[in-house]
Amino acid sequence: MICARFNSIKVWAVLVLFAVPAAGLGQGRVKEPAGFLPRVFSGWQIDGKTVKSSSDPAASDPADFAVLKEYGFGQAEAATYRRSGREMQIKAARFNDATGAYGAFTYYVQPQMRSETIGDKAVSNNTRILFYKGNILVDVSLEHMSAMSAADLRALADALPHPQGNLAALPTLPGNVPAQSLLPNTSRYIVGPEAMARLGVPIPAQLVDFSKSAEVEYARYRTSQGEAALTLIGYPTPQLAREKMTAMQAASLPGGPFYFRRSGPFVVAVNGSIPPDEAQSLLASVNYDADVTWNQATKNKPPENRAGFIVALILLCILVILAALIFGFAFGGLRILLSRLFPNTIFTRAKMAEIIRLDLKERS
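A brief report on the enclosed structure follows. (Residues numbered from 1 in each chain as written. Predicted model: local features only at pLDDT ≥ 70, side-chain atom pairs only at ≥ 80, totals over all residues. Heavy atoms only, no water.)

## Comments concerning the overall build of the chain
Phase 1: Within the chain, the secondary structure is distributed over ten helices and 15 strands.
Phase 2: Taking all 364 residues of the chain together, the buried fraction comes to 36%.
Phase 3: Residue pairs in contact within the chain that sit at least 24 positions apart in sequence constitute 58% of those at least 6 positions apart.
Phase 4: With the model as given, the accessible surface of the chain reaches about 22,900 Å², and the carbon-plus-sulfur share is 59%. (Helix = DSSP H or I, 4+ residues; strand = E, 2+ residues; numbered from the N terminus. Buried < 20%, exposed > 50% of the residue type's maximum accessible area, 1.4 Å probe, protein only. Contact = heavy atoms within 4.5 Å. Areas by Shrake-Rupley, 256 points an atom, 1.4 Å probe, with all protein chains shown as cover.)

Written as structure tokens, this is what we have:
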């Protein structure tokens, strides 16, 4: 009887042990607002019953979860905010650094969207706003746009936690893409083969070889004959870039003809409906500029020591006085010695010099 009760207790203990983690760590769970989304911003109040959190990229985006992993997905949160009877749906994803958030932003942005001044960069399409701030990408759905919607979302961006140090640094490769004739919202920053394949980049990921720390910036341009694509690939060294460009030139790539150029560790490729002279001009507009940083350790500035300065000044005065006495005695002693060794010379006088006196008396 005792054994039966003991086995029953063991079964219930095991069920409780596995039930607690399942309830506390399940994906898409309902929880109290304790993540990176703020509780309140610009009068909008979070509804704690609707907050969901997940560390699984598949729960955030089942179709493109592999792309999110490439950009360094860390955590996602979704919540409903309310103010004066209105509703706002917010989905946010936090990445390992600002580079990941920026890359994911360029992946989701659509050419028909218009630019907004929210966060670090933002676009909108009717009642949907997409922006990123630091290492957080935010997707907002509104019931309807109003004059204050942008101001409210700027308050939301300011309330988000900001990364520190190198985590806040953005990639420098996109800054090398020419702005002239660039089609709006067509620049994509890519760090892995999944995003490269889904965005339709004409160069296969096998030739790019992301295992060599490659990064890609893909953009589309307006030409006199239609549209062309520019693919900018950055490698760690110029030698590696030269090797990869040779392999790309030898490969049979769809969407040609292709025009290639290398500038330092950059490989630039242009293809599409573009005349050869325009292709060469577009290639020539991409140039690598080395950014040299002086990182030699420097000595700290010593603290001001007034007492030491006064002591040094006193010692200097003593040394000057001693030097004056030594040179004075040396000069006098030398003169006396020479006058004794060489009497009646320039060092001595034969007789005392006479004093000229004027005898001026008052006359009556």
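Still more to cover.
## Here we look at the pattern of salt bridges
Phase 1: Enumeration over the complete set of coordinates arrives at ten salt bridges.
Phase 2: As a salt-bridge pair, R82 and E87 come within 2.9 Å of each other at their nearest N and O atoms.
Phase 3: Residue R114 is joined to E116 by a salt bridge in which the shortest nitrogen-to-oxygen separation is 3.4 Å.
Phase 4: We classify E116 as partly exposed; its relative accessible area is 24%. (Salt bridge = Lys/Arg side-chain N within 4 Å of Asp/Glu carboxyl O.)

## What to know about the packing of aromatic side chains
Phase 1: All chains considered together, the criterion is met by eight aromatic pairs.
Phase 2: Relative to F95, the ring of F73 has its centre 6.2 Å away and its plane inclined at 85 degrees; by these criteria the two rings are edge-to-face. With F73 in strand β5 (residues 73-83) and F95 in strand β6 (residues 86-95), this pair connects stretches of sequence that are 22 residues apart. Side by side, F73 and F95 carry an identical accessibility label, which is buried.
Phase 3: Every member of this aromatic cluster is reached through a ring pair, and the members are Y102, F105, Y132 and Y189. (Phe/Tyr/Trp six-rings, centres within 6.5 Å; stacked < 30°, edge-to-face > 60°.)

## A closer look at the pairing of strand β10 (residues 136-142)
Two faces, one strand: in a regular strand the side chains alternate between the faces of the sheet.
Phase 1: By the criterion of burial, β10 is predominantly enclosed, with six of the seven residues buried.
Phase 2: Pairing of β6 with β10 involves seven bridges; the strand directions are antiparallel. Opposite A93, over in β10, you have L137 as the bridge partner.
Phase 3: Where strand β9 (residues 128-133) meets β10, six bridges bridge the pair, whose relative direction is antiparallel. By the bridge assignment for β10, I129 is matched with V140.
Phase 4: The turn joining β9 and β10, which pair antiparallel and follow one another in sequence, is formed by two residues; a positive phi near 65 degrees is taken by G134. (Pairing = 2+ DSSP bridges.)

## Overview of the pairing of β6
Phase 1: The sheet contact formed by β5 and β6 spans ten bridges and is antiparallel. Residue pairing across strands places E77 opposite A92, the latter belonging to β6.
Phase 2: If you look at the hairpin formed by β5 and β6, you'll find two residues sitting between the two strands, and S84 has a positive phi there, around 55 degrees.

## Quick notes on the side chain of E77
Phase 1: As for its position among the elements, E77 is in strand β5.
Phase 2: Within polar-contact distance, the side chain of E77 engages the backbone nitrogen of F36 at 3.4 Å.
Phase 3: For E77, the side chain forms a polar contact with the main-chain nitrogen of L37, separated by 3.3 Å. (Polar contact = N/O pair within 3.5 Å; in protein donor to acceptor, adjacent residues only side chain to side chain.)

## Observations regarding the nonpolar core
Phase 1: With 60 residues, the main nonpolar core has I203 and V208 as its most contacted residues.
Phase 2: Ranked by residue count, the leading element in this core is helix α4 (residues 98-108), at six residues.
Phase 3: With sequence-adjacent residues up to four places away left out, V208 is seen in contact with M196, I203, A214, V216, I233, Y235, K244 and M248.
Phase 4: Ranked by size, the runner-up nonpolar core spans 23 residues in total, among them M88, F131, I136 and V140. (Core = buried A, V, L, I, M, F, W, Y, C linked by side-chain atoms within 4.5 Å.)

## Let's talk about unusual backbone geometry
Phase 1: Going from G256 to P257, the amide bond is cis rather than trans, its omega being 5 degrees.
Phase 2: Within the secondary structure, P257 sits in the loop between α8 (238-250) and β14 (258-263).
Phase 3: Although it is not a glycine, D209 sits at a positive phi angle of roughly 65 degrees.
Phase 4: Mapped onto the elements of the fold, D209 is located in the loop between α7 (205-208) and β12 (215-223).
Phase 5: A positive phi angle is found at S213, which is not glycine, with a value near 60 degrees.
Phase 6: Positionally, S213 belongs in the loop between α7 and β12.

## Topic: helix α5 (residues 149-159)
Phase 1: Every buried residue belonging to α5 is among S149, D152, L153, L156 and A157, and all of these are buried. Take α5 and look down its axis: the buried residues cluster within an arc of 145 degrees, on one side only.
Phase 2: For α5, the elements touching its buried residues are β2 (40-41), β3 (44-46), β5, β6, β9 and β10. (Arc of directions from axis to C-beta.)

## Notes on the side chain of D209
Phase 1: In this structure D209 comes out as buried when scored by relative accessible area, which is 17%.
Phase 2: Only 2.3 Å separates the side chain of D209 from the side chain of S211, close enough to count as a polar contact.
Phase 3: Once residues within four sequence positions are removed from consideration, D209 is found in contact with A214 and K244.

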